[in-house]
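Working through the structure, step by step
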Amino acid sequence: MNCIIVDDEPLARKAIQKLVYQTENLESIASFNGADATREFLAKNAVDLVFLDIQMPGVNGIEFARTIPKKTLVVFTTAFHEFASESYEVDAIDYLIKPVKLERFQKAVEKAQTYCKLFHTDYTNSNIENITDDYIFVRADRRMFKVHFSDILYIEGLKDYVIIYIENQKVITLMNIKTIHNLIPKSSFVRVSKSYIINVNKIDSVDNNTVYIGKNEIPIGNIYRDFFFNEFVTKKLLNK
């Protein structure tokens, strides 16, 4: 998998470059100090992954990420925690806080490699075949999967795909997150960001920015926060 590094600070670019050198199956093909040169490069070259700073002169990383090609993945690298929830609204797959540790960096790369394979797999015949009050049949990877709603931990939307997470398994299908949200029971499932729907019955804990389900940390988007806390946390979870 190839990558590029975008950061206005030379030392920050060198730090990420060092982490790339220490990571297997990852190659850095270019680095840039701003959006303009990066945009020109992306127009002429296929890039799998962008490590992107947020606070840069001119166009910031969040705004620039909205213009990046669909099949190019984005991992934000920043010194600031406060942009985390906003970053997932532009389909970033991860958010790394500087100084970035090698273990955390490689975890983000592993996730990116999984999604990169997803984009190179044919899911054109994948869809939901049938739906009942208790389960759905999903056609994915040349098989039919019966997925009980009670088994779903959470659902992730990435570009034009949906990933349904179950214990020790995930089912990937070609569909947008809005479509599947309209099909599943609203009593159990709530959208907490542009990219995530959670099963409220699987929540272990929450804070202002994150839902914790087992070892999974699901970010809460700014525009979904009030509805989630008012309708599900206050009225349902705390009143059980």
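Preceding this paragraph is the structure being described.
Predicted model only: the values in this text are computed from it and were never measured.

If you tally the helices and strands in the protein chain, you get seven helices and 16 strands. Relative to a compact globule of 240 residues, whose C-alpha radius of gyration would be 18 Å, the protein chain shows 19 Å and is just as compact. Dimensions of the protein chain along its principal axes, counting C-alpha atoms only, are 55 × 40 × 30 Å. Counting across all 240 residues of the protein chain, residues that qualify as buried make up 50%. When contacts within the protein chain are restricted to residue pairs at least 6 apart in sequence, those whose partners lie at least 24 apart make up 51%. Accessible surface, the protein chain: about 12700 Å² in total, of which carbon and sulfur atoms supply 47%. Each charge sign in the protein chain was given a centre, from 30 positive and 31 negative side chains, and these centres are 3 Å apart.

Next up on the list: the side chain of Arg13. You can see Arg13 is positioned in helix 1 (residues 10–21). Summary of buried charges: Arg13 has no salt-bridge partner, and the nearest side chain of opposite charge, Asp7, is 5.7 Å away. There is a polar contact of 2.6 Å between the side chain of Arg13 and the backbone oxygen of Asp7. Not counting the four nearest positions on each side in its chain, Arg13 is found in contact with Ile5, Asp7, Asp8, Ser31, Phe32 and Asn33.

This part covers the packing of aromatic side chains. With the rule as written, the count across this model stands at seven aromatic pairs. Centre to centre, the rings of Tyr135 and Phe137 are 5.7 Å apart; their planes meet at 85°, and the pair counts as edge-to-face. Relative accessible area serves as the criterion here: at 21%, Tyr135 is assigned to the partly exposed category. Residue classification places Phe137 among the partly exposed positions, given a relative accessible area of 25%. With a centroid separation of 5.3 Å and 70° between ring planes, the pair formed by Phe228 and Phe229 is classed as edge-to-face. Taken together, Tyr154, Tyr165 and Tyr196 form an aromatic cluster joined through their ring pairs. Between the NZ or CZ atom of Lys146 and the centre of the ring of Tyr135, over which it lies, the distance is 4.4 Å.

So, about the pairing of strand 10 (residues 161–166). When you tally the buried positions in strand 10, you get six out of six residues, the bulk of the element. Neither face of strand 10 is open: one carries Tyr161, Ile163 and Tyr165, the other Val162, Ile164 and Ile166, and all of them are buried. Of the strand pairs in this sheet, strand 9 (residues 152–158) and strand 10 are connected by six bridges, and their pairing is antiparallel. Of the residues in strand 10, the one forming a bridge with Ile155 is Ile164. Relative to strand 11 (residues 169–174), strand 10 runs antiparallel, the two being bridged by six bridges. Looking across to strand 11, one finds that Ile163 is bridged to Ile172. Hairpin connection between strand 10 and strand 11: a loop of two residues separates the two successive antiparallel strands, and Asn168 in this loop has a positive phi of roughly 60°.

The subject of this paragraph is the state of the cysteines. Within the structure shown, the criterion is met by zero disulfides. Free of any disulfide, Cys3 has its nearest cysteine sulfur in Cys116, 11 Å distant. Relative accessible area serves as the criterion here: at 13%, Cys116 is assigned to the buried category.

Further remarks concern the sheet that holds strand 14 (residues 205–206). The strand order across the open sheet formed by three strands is 14-15-16, and the pairing between neighbours is antiparallel. With partners counted over all chains shown, the strands left at the sheet margins are strand 14 and strand 16 (216–219), one partner each. Summarising the sheet, strand 14 and strand 15 (residues 210–213) pair through two bridges and their orientation is antiparallel. Considered in strand 15, the bridge of Ser205 is made with Tyr212.

Once that is clear, we can look at the environment of Val74. Along the chain, the position of Val74 falls in strand 4 (residues 73–78). The spatial distance from the C-alpha of Val74 to the C-alpha of Tyr95 is 9.0 Å, given a sequence separation of 21 residues. Beyond its immediate sequence surroundings of up to four residues, Val74 is in contact with Leu49, Val50, Leu52, Ile68, Ala92, Ile93 and Asp94.

Basis of the calculations
- Every chain's residues receive numbers from 1 upward, in the order its sequence appears when written.
- For a predicted model such as this one, the threshold for reporting local features is a pLDDT of at least 70, and the threshold for listing and counting side-chain atom pairs is 80 or more; totals across whole chains, interfaces and linings nevertheless cover every residue.
- For side-chain calculations, the full set of non-hydrogen atoms in the structure is used, while hydrogens and water are omitted.
- Only runs of H or I of at least four residues qualify as helices and only runs of E of at least two qualify as strands under DSSP, and these elements are numbered from the N terminus.
- Atoms counted for the radius of gyration: C-alpha only. Globule rule: 2.2 Å times the number of residues to the power 0.38.
- Here's how the labels work: a residue is buried when its accessible area is under 20% of the maximum for its type, exposed when over 50%, partly exposed in between, all with a 1.4 Å probe on protein chains only.
- Every residue pair with non-hydrogen atoms within 4.5 Å of one another is taken to be in contact.
- To be clear on the numbers: accessible area is Shrake-Rupley with a 1.4 Å probe, and residue cover counts the displayed protein chains and nothing else.
- In this charge count, Lys and Arg are treated as positive and Asp and Glu as negative; neither His nor the chain ends contribute.
- By convention, the point assigned to a charge is CZ for Arg, NZ for Lys, CD for Glu and CG for Asp.
- Any carboxyl oxygen of Asp or Glu within 4 Å of a side-chain nitrogen of Lys or Arg constitutes a salt bridge here.
- What qualifies as a polar contact is a pair of N or O atoms within 3.5 Å, subject to a donor-acceptor requirement within protein and to the restriction that residues adjacent in sequence count only when both atoms come from side chains.
- Pairing of aromatic rings covers Phe, Tyr and Trp, the last counted by its six-membered ring, and requires centre-to-centre distances within 6.5 Å; plane angles under 30 degrees mean stacked, over 60 mean edge-to-face, and any other angle means tilted.
- Counting as a charge over the ring demands two things of the Lys NZ or Arg CZ atom: a distance within 6 Å of the ring centre and an angle within 35 degrees of the ring normal.
- Strand pairing is defined by DSSP finding a minimum of two bridges between the two strands.
- Here, two cysteine sulfur atoms that lie within 2.5 Å of each other are counted as a disulfide.

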